[in-house]
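# Geometric and topological summary
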Amino acid sequence: MCTGIVENTRVSGCGKGPHGWFILDHAIVAYDHPDHAQAERAVMIDLVNEAAGFESRIAVELTPQSARDLVRAILASLSRGEGDGTRARNQDVQ
Amino acid sequence: MPPLRVVRRGDVTCMNDLNVFSHEHLQVKIVSESIPIPEERLNKTCFLCSRQARSNMQQYRTDMYEGMIAETITVSGHDGTAVNAYFARPLSSGPFPGVVLIHHAPGWDEWYRETTRKFAHHGYLAISPNIYQQFGHGVPEDVAARVRAAGGVSDDDVVGDMMGSLGYLKSLPQSNGKVGIFGTCSGGRQVFLVACRTKGFDAAVDCWGGRVVMSQQDLTPKYPVAPIDYTRDLSCPLLGLFGEEDQSPSPQQVALHEQELKKYGKTFAFHMYPKAGHGFFYYNRPGYRQEQAVDGWNKVWDFFEKYLETSDKR
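These notes cover the structure that comes with them. Worth saying up front: this structure is predicted, and the values here are computed from it rather than measured. (Residues numbered from 1 in each chain as written. Chains lettered and ligands numbered in written order. Predicted model: local features only at pLDDT ≥ 70, side-chain atom pairs only at ≥ 80, totals over all residues. Heavy atoms only, no water.)

## Brief notes about the overall build of chain A
Defined as follows: Strands are runs of DSSP state E lasting at least 2 residues, helices are runs of H or I lasting at least 4, and numbering of each runs from the N terminus. To sort residues, take the accessible area from a 1.4 Å probe on protein chains only and compare it with the maximum for the residue type: under 20% means buried, over 50% means exposed, and anything in between is partly exposed. For this analysis, residues touch if any pair of their heavy atoms sits within 4.5 Å. Here the Shrake-Rupley method, with its probe set to 1.4 Å, supplies the accessible areas, and only the displayed protein chains count as covering residues.
In terms of regular secondary structure, chain A is built from two helices and four strands. Traced from its N-terminal end to its C-terminal end, chain A shows the element sequence β-β-β-β-α-α. The buried share of chain A, taken over its 94 residues, is 35%. Long-range contacts, defined here as pairs at least 24 residues apart, represent 26% of the contacts in chain A between residues at least 6 apart. Approximately 5,900 Å² of chain A is accessible, and the part contributed by carbon and sulfur atoms is 55%.

## Digging into the pairing of strand β1 (residues 5–17) of chain A
All names here are of chain A. Heads up, the rule is: Strands are treated as partners if at least two bridges between them are detected by DSSP.
As paired strands, β1 and strand β2 (residues 20–32) are joined by eleven bridges and run antiparallel to one another. When the bridges of β2 are listed, Arg10 appears paired with His26. Between the end of β1 and the start of β2, which pair antiparallel, lie two residues.

## Description of the interface of chain B and chain A
Put simply, the test is: The buried area of a pairing is the accessible area, by a 1.4 Å probe, that goes missing from both parts when the two are put together, added over both. The term salt bridge refers to a pairing of a side-chain nitrogen on Lys or Arg with a carboxyl oxygen on Asp or Glu at a separation within 4 Å. Polar contacts, as used here, are pairs of N or O atoms within 3.5 Å; protein pairs need one atom able to donate a hydrogen and one able to accept it. Residues neighboring in sequence count only if both atoms are side-chain atoms. Here the term charged refers only to Asp, Glu, Lys and Arg, the term nonpolar to Ala, Val, Leu, Ile, Met, Phe, Trp, Tyr, Cys and Pro, and the term polar to all other amino acids, Gly among them.
Listed by partner, the interface residues are 25 residues for chain B and 22 residues for chain A. Interface of chain B and chain A: buried area, both sides summed, is about 2,000 Å²; carbon and sulfur atoms make up 51% of it. Viewed at the interface, chain A and chain B are joined by four salt bridges. Across the pair Asp142 of chain B and Arg57 of chain A runs a salt bridge whose closest N-O atoms are separated by 2.3 Å. One can count ten residue pairs in polar contact (both at pLDDT 80 or more) joining chain B with chain A. Of all the elements, helix α4 (residues 140–149) of chain B adds the most residues to the side of chain B that touches chain A, at six residues. Tallied by class, the residues present in the side of chain B that touches chain A amount to seven nonpolar, ten polar and eight charged.

## A few points about the sheet that holds β2 of chain A
In a beta sheet, neighbouring strands pair by backbone hydrogen bonds and run either parallel or antiparallel. Residue and element names in this part refer to chain A. Stated formally: Between N-to-C directions, angles cover 0 to 180 degrees, with each direction set by a line fitted to C-alpha atoms, over the stretch in contact for helices.
With antiparallel pairing, the four strands of this open sheet are ordered in space as β1-β2-β3-β4. Of all strands in the sheet, those with a lone pairing partner are β1 and β4 (58–62), marking the two edges. Pairwise comparison of adjacent strand axes, ignoring direction, gives a mean angle of 20° for this sheet. Running over the sheet, helix α1 (residues 64–82) touches β2, β3 (42–48) and β4 and is turned about 115° from β4.

## Side note on the packing of aromatic side chains
The way to describe two aromatic rings as a pair is by their centre distance and the angle between their planes. All names here are of chain B. Stated precisely, the cut-off is as follows: Pairing of aromatic side chains requires ring centres within 6.5 Å, counting the rings of Phe and Tyr and the six-membered ring of Trp. Pairs whose planes differ by under 30 degrees are stacked, by over 60 edge-to-face, and all others tilted. By definition, being over a ring means that NZ of Lys or CZ of Arg is both within 6 Å of the ring centre and within 35 degrees of the ring normal.
Applying the stated criterion to the full structure yields 23 aromatic pairs over all chains. Centre to centre, the rings of Phe119 and Trp301 are 5.1 Å apart; their planes meet at 70°, and the pair counts as edge-to-face. Note that Phe119 is positioned in helix α3 (residues 110–121) and Trp301 in helix α8 (residues 290–308), a separation of 182 residues in sequence. Trp301 matches Phe119 in its accessibility class, with the two residues each being buried. Ring geometry for Phe242 versus Phe270: centroids 4.9 Å apart, planes at 65°, classification edge-to-face. With Phe242 in strand β10 (residues 238–243) and Phe270 in strand β11 (residues 268–273), the pair connects residues that are 28 residues apart, well separated along the chain. The exposure class assigned to Phe270 is buried, which follows from its relative accessible area of 14%. The positively charged end of Arg113 is found above the aromatic ring belonging to Tyr86, 4.5 Å away from the centroid. The ring of Trp108 carries the charged tip of Arg113 above its face, separated from the ring centre by 4.6 Å.

## Examining a nonpolar patch on the surface
Residue and element names in this part refer to chain B. Selection criterion: The patch calculation keeps residues exceeding 30% relative accessible area without a salt bridge and links them within 9 Å when they carry like charges or within 5 Å when they are nonpolar (Val, Leu, Ile, Met, Phe, Trp, Tyr).
On the surface, Tyr65, Ile69 and Leu91 cluster together to form a nonpolar patch covering roughly 300 Å² of accessible area. Structurally, Tyr65 can be placed in the loop between α2 (47–54) and β4 (68–76). Residue Tyr65 is classed as exposed on the basis of its relative accessible area of 60%.

## Observations regarding the nonpolar core
Residues and elements named next belong to chain B. What counts is decided by this rule: Within this scheme, the nonpolar core is defined by two criteria: the residues are buried Ala, Val, Leu, Ile, Met, Phe, Trp, Tyr or Cys, and they are joined through side-chain atoms within 4.5 Å.
In this structure, Phe119, Phe182, Phe281, Val300 and Phe304 are the most contacted members of the largest nonpolar core, which totals 75 residues. Considering every element that reaches this core, the biggest residue donor is α8, with seven residues. When sequence neighbours within four positions are dropped, the list of residues in contact with Phe119 reads Val99, Leu101, Tyr124, Ala126, Phe182, Trp297, Val300, Trp301 and Phe304.

Below, the structure is given as structure tokens:
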């Protein structure tokens with residue numbers, strides 16, 4: 001919590017952890033100094049089932065550029081799959 | 001071959017001919033020279049000499065006994081709650097000064113346990129309380145993720161935890177009555193906060209603490225006041241170690257903090273290291289910078305020895 005930059009959001013889906021697939025209901029996105037990634041700063045994402053706790057979370061630390069690339073890839077896949085409505089829906093979310 | 005005689009600051013005589021390599025770095029004056037000093041060694045730091053010249057501590061010899069105890073204990077935390085703490089001390093009777101360590105954002109982890117033992121090795125009663133205990137137990141990085149999701153640990157709770165550990169150290173029969181406080185990362189910020197909001201610490205070391213300077217929109221119920229706004233109340237000398245490439249705190253934020261400390265006539269020393277970013281002491285992370293870390297640690301030992309009356313009774 002050196003930067004204090006943390007965003008929380010609800011999510012709906014599944015993730016695969018060390019004990020197999022489980023339901024995800026919460027995502028925490030932070031911009032801070034990473035624990036493992038070889039970078040000064042990183043986007044740290046925890047995908048969580050709140051009932052299962054943080055021990056079973058899926059955690060990633062992405063360099064800022066790779067986080068942007070991932071966001072672009074996600075939006076591009078949504079755009080191709082769902083059409084032009086994706087952009088409007090994303091703006092609604094923001 | 002006669003040894004070299006080297007004098008630094010007019011008060012330290014070093015008879016070890018290995019120790020002449022650092023004359024520029026330590027401003028060592030060579031008084032008599034019986035061995036030519038190779039050109040390539042002139043600007044190199046001799047840490048053996050550095051440590052010996054800087055310290056009142058007896059240099060370790062291979063025939064000395066040295067021992068410490070390090071264990072998990074329970075101490076009083078905020079609101080009187082019991083919290084786990086890692087405590088290390090030399091085995092002899094002292095007296096020793098104390099140091100409370102505030103762990104960093106990644107949690108109450110192995111680096112902090114090692115660092116607690118490092119302070120004991122250097123002659124301190126050292127304690128590192130788990131300031132994340134209210135969030136439950138688990139692997140440190142999992143607990144840290146839980147804390148991150150919850151928006152961090154509140155400033156009030158940290159202050160309470162530190163007062164509990166301060167009281168514990170002062171109550172020990174081995175205590176010399178002096179206690180310092182040390183922290184890195186978010187712990188560095190909290191060091192400054194605690195040193196301002198409480199009395200009882202004799203020296204404080206803030207290593208790259210971010211968010212000492214906070215904008216209005218960053219304030220939350222957990223962080224209601226930017227630590228810089230407490231500067232007037234700083235109750236002990238402060239040492240700050242920072243990296244020029246860090247963005248939290250940025251050099252500009254460190255400069256603002258420095259201005260505020262000067263404004264209120266506080267005793268402090270800030271060091272901004274070139275070619276270093278955040279966390280340059282952490283040997284297990286990519287931000288580690290060997291030269292800056294060694295120099296930074298020497299500054300920590302010098303500072304605490306000066307204000308905590310450290311002696312070598314290990």
